[in-house]
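So the chains spell out like this:
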Amino acid sequence: MSVAAMPVLPAEFFPMSARDLDGVAALEAGIQDFPWSRGNFADSLHAGYSSWVLRIGGELVGFAVVMQVLDEAHLLNIGVAGHLQGRGYGARLLRQAMDSARQAGAQRLFLEVRPGNARAVDLYRHFGFRQIGLRKGYYPALIGREDALVFERDLA
């Protein structure tokens, strides 16, 4: 079957549950050099963070985790399966995270991103995020530590 003739399956969002933890941790391990553990995702669920999975035809293809405190939210983690990156699913996950935070009363959304992750930096800037700071040595790196760009966006 040619690519053009393949059926288009809808992308669907679901709240992350304990049943998703193994799949989410495996997806994360496949796209990050220093992935969150299954325990990190489980802790996020236990803490009540807004956590979502994206499925296409039932297959887990992405996730997002947002922590909210009062009227501020922080995007802690977001990821899309490597073979589907660059196809708009990250944008859909980010929009879902923003909408969910806004509906829960957040006025602003913060995040950190590696400066070398050009695709993510471009995505965040496209969505109106602006850099408000730099965290020195924030991320582990193959050699030493890597800085993080701190971004913020008004959700009001």
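Q: Outline helix α1 (residues 21–31), listing residues and values.
A: What α1 keeps buried is the set Leu 21, Val 24, Ala 25, Leu 27 and Glu 28. Viewed along the axis of α1, the buried residues span an arc of 160°, placing them on a single side of the element. Turned more than 90 degrees away from the buried face of α1 sit Asp 22 and Gly 30, all of them exposed. Where α1 is buried, its residues meet α2 (38–46), β2 (50–56), β3 (59–69) and β4 (72–80).

Q: Could you give me a rundown of the nonpolar core, with the residues and numbers involved?
A: One finds Leu 75, Leu 94, Leu 109, Val 113, Tyr 124, Phe 129 and Phe 151 to be the most contacted residues of the largest nonpolar core, which totals 30 residues. Of all the elements in the fold, those that place two or more residues in this core are β2, β3, β4, α3 (89–103), β5 (108–113), α4 (118–126) and β7 (145–154). It is α3 that provides the largest number of residues to this core, a total of 7 residues. Dropping the residues within four chain positions of it, Leu 109 is found in contact with Val 66, Ala 73, His 74, Leu 75, Met 98, Phe 129, Phe 151, Glu 152, Arg 153 and Leu 155.

Q: So what's going on with the packing of aromatic side chains? Residues and values would help.
A: Within this structure, the stated rule accounts for 5 aromatic pairs. Judged by centre distance (5.7 Å) and plane angle (65°), the ring pair of Tyr 124 and Phe 129 falls under edge-to-face. Pair check on accessibility: Tyr 124 and Phe 129 agree, each one buried. Site record: aromatic cluster; members linked through ring pairs are Trp 36, Phe 41 and Phe 63.

Thresholds, definitions, all that
- Residues numbered from 1 in each chain as written.
- Predicted model: local features only at pLDDT ≥ 70, side-chain atom pairs only at ≥ 80, totals over all residues.
- Heavy atoms only, no water.
- Buried < 20%, exposed > 50% of the residue type's maximum accessible area, 1.4 Å probe, protein only.
- Helix = DSSP H or I, 4+ residues; strand = E, 2+ residues; numbered from the N terminus.
- Arc of directions from axis to C-beta.
- Contact = heavy atoms within 4.5 Å.
- Core = buried A, V, L, I, M, F, W, Y, C linked by side-chain atoms within 4.5 Å.
- Phe/Tyr/Trp six-rings, centres within 6.5 Å; stacked < 30°, edge-to-face > 60°.

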